[in-house]
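Structure assessment
Here's the letter readout for the chains.
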Protein chains: 2
Amino acid sequence: MARPTDEDSAAAAVVDLLGVLAYGELCAFDRLADDARMAPDLAARAAMSAMAATEFGHYRALADRLRELGADPVAAMAPFVAAIETWHTLTEPQTWPEAVVKAYVGDGIAADFYREMAGVVDGDTGRLIGEVLTEEGRAEFAAAEVQAALARQPALAGRLALWARRLLGEAISQSQHVLADRESLLRLVSGAGDLGALSAIMGRIAERHRARMRDLGLDP
Amino acid sequence: MARPTDEDSAAAAVVDLLGVLAYGELCAFDRLADDARMAPDLAARAAMSAMAATEFGHYRALADRLRELGADPVAAMAPFVAAIETWHTLTEPQTWPEAVVKAYVGDGIAADFYREMAGVVDGDTGRLIGEVLTEEGRAEFAAAEVQAALARQPALAGRLALWARRLLGEAISQSQHVLADRESLLRLVSGAGDLGALSAIMGRIAERHRARMRDLGLDP
């Protein structure tokens with residue numbers, strides 16, 4: 001067998017990136033659809049169900065792109081199933097405000113990670129990733145729902161801030177597992193794999209997390 | 001207050017019909033997303049998740065139409081929540097083949113009921129209802145999954161046929177509750193409300209049910 005070239009590993013990295021994103025979106029669909037059942041009213045339930053349907057649209061676009069590149073979406077997703085399922089299992093919301101914070105803050109953290117990796121891939125794939133990572137309207141919805149919950153129960157603020165910190169911590173922990181496991185992705189985030197680049201990324205992700213917490217009116 | 005005119009009651013019937021359909025689609029989204037978790041592999045899970053996302057698209061189109069008609073979607077859906085939730089609670093699939101049969105046969109029965117009512121409403125609404133009731137590709141998916149399950153376990157055929165009969169029975173029972181409750185809808189299905197028309201409809205629905213069972217390779 002020929003030795004893999006740089007081009008081969010770049011192609012493998014793109015398939016890995018699309019694979020982890022695709023499974024992330026399929027799970028986001030599934031979890032948001034599940035969490036929508038906790039909504040206090042039909043309007044809120046429909047709003048969170050709409051987010052789930054949007055994530056499925058993203059999944060479909062990513063799976064299509066994988067097929068265009070000659071990759072099987074199921075095979076591309078397989079290496080990332082465990083890490084993403086673990087993340088969701090460790091961050092299962094128990095209340096509607098927790099579900100809302102997860103939908104905004106948790107999916108936001110995931111999007112930040114993917115964005116850090118998307119900058120270096122080819123034009124079409126990069127553009128597609130940019131499209132599937134938009135969070136249009138989600139901040140407004142989350143802020144309104146969190147403010148409504150805090151108006152009823154001000155003591156919730158501290159609990160929700162802790163919850164958001166847990167979302168961040170578990171996301172960092174699972175992404176480290178993924179990066180330790182998939183050298184191709186590690187190289188995407190860190191160039192030659194140096195740890196300085198990685199720690200700069202973590203710093204940027206933490207900064208964006210604080211901005212989202214401020215959006216929600218929660219102390220970061 | 002003015003006495004309601006025939007035009008008023010026709011408008012009320014359209015809002016009722018769009019309301020029951022909208023809640024039906026929102027629930028179908030929710031239940032299919034939930035049932036997708038039982039899928040034996042990622043490809044099947046993605047396929048059922050795709051059906052769920054499609055149902056949500058239908059929900060959105062129906063809710064938009066309600067708003068165009070000056071109606072509040074949440075208020076329009078409210079009268080039908082209990083009957084539709086009851087139907088789903090009484091027909092909760094316990095296995096993947098049951099989920100697949102429900103996705104095809106159960107949603108097909110519901111579509112048949114709505115279609116019977118859709119013929120008499122105005123052009124735009126009638127066309128929209130026709131669009132949201134298409135079941136494109138679902139028969140092929142369901143037949144393939146049922147055949148795969150029967151290949152592994154031939155004895156399942158009898159159990160799945162019974163399950164499908166239960167789906168039909170519970171659908172008839174819940175739709176009778178709805179019609180008894182909403183005169184506007186009863187008038188849509190039966191003209192002046194005569195029982196002959198209603199029993200002809202039940203006959204047509206049973207006939208289409210048998211056709212779907214044949215599609216699945218199950219004895220009706």
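My aim in this report is to walk through the structure given alongside it, one point at a time. The numbers attached to residues start from 1 for each chain and follow its sequence in the written order. By the order in which they are written, chains take letters starting at A while ligands take numbers starting at 1. Local features are withheld for residues below a pLDDT of 70 in this predicted model, meaning they are given only at 70 or higher, and side-chain atom pairs are given and counted only at 80 or more; totals for whole chains, interfaces and linings count all residues. Derived side-chain values reflect all non-hydrogen atoms in the structure, with water molecules and hydrogen atoms excluded from consideration.

**Some remarks on the relation of the copies chain A and chain B**
We superpose the copies by least squares over the C-alpha atoms of residues that have a pLDDT of at least 70 in both of them. With an RMSD of 0.0 Å, the fit of chain A onto chain B corresponds to turning through 180° and sliding 0.0 Å along the axis. The relationship between the two copies is best expressed as a two-fold rotation axis. By C-alpha distance to the rotation axis, the residue of chain A lying nearest is A:A53, at 2.5 Å. Taken as a fraction of all interface residues of chain A, those also at the interface in chain B reach 100%, which identifies the copy contact as same-surface. Residues count as neighbours in contact if any of their non-hydrogen atoms are within 4.5 Å of one another.

**A short note on the side chain of B:H88**
Residue and element names in this part refer to chain B. Helix and strand definitions here come from DSSP, where helices need a minimum of 4 consecutive H or I residues and strands a minimum of 2 consecutive E residues; each element is numbered from the N-terminal end. With respect to the secondary-structure elements, H88 resides in helix 4 (residues 81-90). Residue class for H88 comes out buried when judged on its relative accessible area of 5%. Within the structure, the side chain of H88 is placed 2.9 Å from the side chain of K102, a separation counted as a polar contact. Filtering out sequence-adjacent residues up to four positions away, H88 remains in contact with C27, A28, R31 and K102. The classification of residues rests on relative accessible area computed with a 1.4 Å probe and restricted to protein chains. Under 20% of the type maximum is buried, over 50% is exposed, and intermediate values are partly exposed. Any pair of N or O atoms that falls within 3.5 Å is considered a polar contact. Within protein, one atom must be able to donate a hydrogen and the other to accept it, and sequence-neighbouring residues count only if both atoms are side-chain atoms.

**Describing the environment of A:G203**
Structurally, A:G203 is set in helix 10 (residues 195-215). When the C-alpha positions of A:G203 and A:M38 are compared, they lie 33 Å apart, and in sequence the two are 165 residues distant.

**Quick look at the interface of chain A and chain B**
Bring the parts together and some accessible area is lost; that lost area is often taken as the interface size. Facing the 23 residues of chain A at the interface are 23 residues of chain B. Buried area between chain A and chain B, summed over both chains or domains, comes out near 1,900 Å², and the portion from carbon and sulfur atoms is 64%. Accessible surface is computed with a 1.4 Å probe, and the buried area is the amount of it that two parts give up when combined, taken over both parts together. If you sort the residues of chain A by the area they bury against chain B, A:R37, A:L42 and A:R45 come out on top, with a joint share of 29%. Salt bridges are identified by distance alone: a Lys or Arg side-chain nitrogen within 4 Å of an Asp or Glu carboxyl oxygen. In this structure, the connection of chain A to chain B is made through 4 salt bridges. Two residues, A:R45 and B:E85, come together in a salt bridge whose shortest N-O distance is 3.9 Å.

**Thoughts on helix 2 (residues 42-68) of chain B**
Residues and elements named next belong to chain B. Here a helix's expected span is defined as the number of its residues, less one, multiplied by 1.5 Å. Counted at 1.5 Å a residue, the expected span for helix 2 with its 27 residues is 39 Å, and the 39 Å between its end C-alpha atoms agrees. By the N-cap criterion, in which a side-chain oxygen at the helix start approaches the backbone nitrogen of a residue two or three places on, helix 2 is capped by D41, the distance to A43 being 3.1 Å. Once helix 2 ends, the next one or two residues include G70, with phi positive near 85°.

**Focus on the pattern of salt bridges**
All names here are of chain A. This model, assessed by the stated rule, comprises 38 salt bridges over all chains. Salt-bridge contacts for D16 lead to R182; the nearest nitrogen and oxygen are separated by 2.9 Å. Within this pair, whereas D16 is found in helix 1 (residues 6-35), its partner R182 is found in the loop between helix 8 (156-181) and helix 9 (183-190), the two being separated by 166 residues in sequence. R65 serves as the salt-bridge partner of E68, at 2.8 Å between the closest nitrogen and oxygen. A residue pair is termed a helical-turn pair when its members lie 3 or 4 positions apart in one helix, as E68 and R65 do in helix 2 (residues 42-68) at 3 residues. Its relative accessible area of 58% is what places E68 among the exposed residues. Of the residues examined, R65 reaches a relative accessible area of 13% and is grouped as buried.

Function cannot be inferred from these measures alone, as they are strictly geometric.
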